Amino acid sequence: QVQLVESGGGLVQPGGSLKLSCAASGRSFSSSTRGWFRQTPGKEREFVSVWSGGREYYADSVKGRFTFSRDNAKNTWYLQMNSLTPEDTAVYYCATHSSRLILSRIGGAENYDYWGQGTQVTVSS
């Protein structure tokens with residue numbers, strides 16, 4: 001009963017920026033884990049960033065370049081992506097779990113209850 005919809009993907013040149021949005025509707029939880037993952041063909045879904053327990057976490061590959069943010073009034077969360085490289089090309093998914101995940105589980109896609117449909121990000125000149 002939770003629907004997530006990503007938006008904001010597209011084609012950008014190396015060094016450019018994009019801001020992804022994840023809008024949640026339907027049932028929501030007062031406390032939840034909210035994250036971003038990405039996936040390329042033939043690869044497993046990869047952790048990018050997450051908000052959990054009042055803190056932000058980032059994969060090493062995106063630290064210093066990507067920033068997670070939230071708008072609780074709109075039930076929406078965002079991923080600001082700067083200094084993009086071709087290695088960032090992927091389908092990006094937002095995801096949520098109905099409660100706080102312990103730290104050791106926040107990076108595992110199998111631990112999330114709901115997923116968006118994905119939005120394509122392509123970084124190329």
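One can find the structure itself at the top, above this paragraph.
Treat the numbers as computed from the prediction; the structure is a model and nothing was measured.

Cut-off values and rules
Residues numbered from 1 in each chain as written. Predicted model: local features only at pLDDT ≥ 70, side-chain atom pairs only at ≥ 80, totals over all residues. Heavy atoms only, no water. Helix = DSSP H or I, 4+ residues; strand = E, 2+ residues; numbered from the N terminus. Buried < 20%, exposed > 50% of the residue type's maximum accessible area, 1.4 Å probe, protein only. Contact = heavy atoms within 4.5 Å. Polar contact = N/O pair within 3.5 Å; in protein donor to acceptor, adjacent residues only side chain to side chain. Disulfide = S-S within 2.5 Å. Core = buried A, V, L, I, M, F, W, Y, C linked by side-chain atoms within 4.5 Å. Pairing = 2+ DSSP bridges. Axes fitted to C-alpha atoms, helices over the stretch in contact; angles between N-to-C directions. Phe/Tyr/Trp six-rings, centres within 6.5 Å; stacked < 30°, edge-to-face > 60°. Salt bridge = Lys/Arg side-chain N within 4 Å of Asp/Glu carboxyl O.

## Some points on the environment of Gln-39
Relative to the helices and strands, Gln-39 resides in strand β4 (residues 33–39). Note on Gln-39: relative accessible area 25%, which makes it partly exposed. Residues in contact with Gln-39, not counting those within four places in the same chain, are Glu-44, Arg-45, Ala-90, Val-91 and Tyr-93. At 3.0 Å, the side chain of Gln-39 and the backbone oxygen of Lys-43 are in polar contact.

## Regarding the state of the cysteines
Using the criterion set out here, one finds one disulfide in the structure. One disulfide in the model links Cys-22 with Cys-94; its S-S distance is 2.1 Å. The disulfide joining Cys-22 to Cys-94 has a torsion of about 65 degrees about its S-S bond and is therefore right-handed. Residue Cys-22 is found in strand β3 (residues 18–26), and its partner Cys-94 is found in strand β9 (residues 90–97); the two are separated by 72 residues along the sequence. Comparing Cys-22 with Cys-94 shows no difference in burial state: the two are buried.

## Side note on the nonpolar core
With 32 residues, the main nonpolar core has Trp-36, Phe-66, Trp-77, Leu-79, Met-81 and Tyr-92 as its most contacted residues. Those residues in contact with Tyr-92 that lie beyond four places of it in its chain are Glu-6, Leu-20, Phe-37, Arg-38, Val-48, Phe-66, Leu-79, Met-81, Gly-118, Thr-119 and Val-121.

## Quick notes on the sheet that holds strand β7 (residues 66–71)
What the four strands build is an open sheet, ordered β1-β3-β8-β7; its pairing is antiparallel. What marks the edges here is a single partner per strand, and that holds for β1 (2–7) and β7. Along the sheet, successive strands turn relative to each other by an average axial angle of 15 degrees, direction set aside.

## Considering the packing of aromatic side chains
A full pass over the atoms with the stated rule returns five aromatic pairs. Taken together, a centroid distance of 5.1 Å and an interplanar angle of 75 degrees make the contact between Phe-37 and Tyr-112 edge-to-face. With Phe-37 in strand β4 and Tyr-112 in the loop between β9 and β10 (114–115), this residue pair connects regions lying 75 residues apart in the sequence. Note on accessibility: Phe-37 and Tyr-112 belong to one class, buried.

## A look at the pattern of salt bridges
This model, assessed by the stated rule, comprises four salt bridges. Linking Asp-88 and Arg-38 is a salt bridge whose minimum nitrogen-to-oxygen distance equals 3.0 Å. Taken together, the residues Asp-88 in the loop between β8 (76–81) and β9 and Arg-38 in strand β4 connect sequence positions 50 residues apart. For the pair Asp-88 and Arg-38, one class covers both residues: buried. In this structure, Arg-65 and Asp-88 form a salt bridge, with 2.8 Å as the shortest nitrogen-oxygen distance. Of this pair, Arg-65 sits in the loop between β6 (55–58) and β7 while Asp-88 sits in the loop between β8 and β9, and the two are 23 residues apart along the sequence. Accessibility assignment for this pair places Arg-65 and Asp-88 in one class, buried. Members of the salt-bridge network, linked through shared partners, are Arg-38, Glu-46, Arg-65 and Asp-88.

## Some remarks on the pairing of β6
Of the pairings in the sheet, the one linking strand β5 (residues 46–52) to β6 comprises four bridges and is antiparallel in character. Each residue of the ladder has a partner; that of Trp-51, found in β6, is Glu-56. As consecutive antiparallel partners, β5 and β6 are separated by two residues, and within that stretch Gly-53 has a phi angle of approximately 60 degrees, a positive value.

On their own, these measurements won't tell you what the molecule is for.
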